[in-house]
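If you want the building blocks of each chain, they are given just below.
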Amino acid sequence: QVQLVESGGGLVQTGGSLRLSCVASGRTFSSYAMGWFRQAPGKEREFVASITWNGGSTRYADSVKGRFTISRDNAKNLVYLQMNSLKPEDTAVYYCAASRVPYIPTQAEYRYWGQGTQVTVSS
């Protein structure tokens, strides 16, 4: 069982930056692939970024490539999402998720989800 808690969301102007954090409970965090997803009002949840258990591989949605960076600190049970050059279309609730697979998971393979943190980018 893994519990995930996101933090770091807030209101930022276009072009600004935020860093989201997700802390995981449990002693097996280092064995989980982690991902970030987001859901804007009236839209389906979409993939943002993911990272394998050891940080050896990452993947990004095309819409955030070059602007967002996912990273992790297994010693602290933390995964981060550094978001730069934010745009109004990045406004959403951001969720972190965990998957036990040893590769970049599909969305269906994420088993544990946090409750989300709101990111609002003003124009």
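Refer to the preceding data block for the structure.
In this text, all values refer to a predicted model and were calculated from it rather than measured experimentally.

**Structural notes on the nonpolar core**
Reasoning step 1: In terms of nonpolar packing, the biggest core is built from 31 residues, with Leu4, Met34, Trp36, Leu81, Met83 and Tyr94 touching the most fellow members.
Reasoning step 2: Elements with a contribution of two residues or more to this core: strand S3 (18–24), strand S4 (33–39), strand S5 (46–51), strand S7 (68–73), strand S8 (78–83), strand S9 (92–99) and strand S11 (117–122).

**Considering the pairing of S5**
Reasoning step 1: Sheet analysis places S4 next to S5, joined by five bridges and oriented antiparallel. Its bridge partner lying in S5, Gly35 is registered against Ser50.
Reasoning step 2: From the end of S4 to the start of S5, which pair antiparallel, there are six residues, and Gly42 there has a positive phi angle of about 75°.
Reasoning step 3: The pairing of S5 with strand S6 (residues 58–60) spans three bridges and is classified as antiparallel. Along S6, the bridge assignment pairs Ile51 with Thr58.
Reasoning step 4: In this structure, the hairpin formed by S5 and S6 is closed by a connection of six residues, where Gly55 is found at a positive phi of approximately 75°.

**Here's the deal with the environment of Asn74**
Reasoning step 1: Among the secondary structure elements, Asn74 is positioned in the loop between S7 and S8.
Reasoning step 2: Judged by relative accessible area, which is 27%, Asn74 ranks as partly exposed.
Reasoning step 3: In this structure the C-alpha to C-alpha distance between Asn74 and Thr91, which are 17 residues apart in sequence, comes to 28 Å.
Reasoning step 4: Discounting chain neighbours no more than four positions away, the residues touching Asn74 are Phe29, Ser30 and Trp53.

Conventions and cut-offs
Residues numbered from 1 in each chain as written. Predicted model: local features only at pLDDT ≥ 70, side-chain atom pairs only at ≥ 80, totals over all residues. Heavy atoms only, no water. Core = buried A, V, L, I, M, F, W, Y, C linked by side-chain atoms within 4.5 Å. Buried < 20%, exposed > 50% of the residue type's maximum accessible area, 1.4 Å probe, protein only. Helix = DSSP H or I, 4+ residues; strand = E, 2+ residues; numbered from the N terminus. Pairing = 2+ DSSP bridges. Contact = heavy atoms within 4.5 Å.

Coordinates in, geometry out; function isn't part of it.
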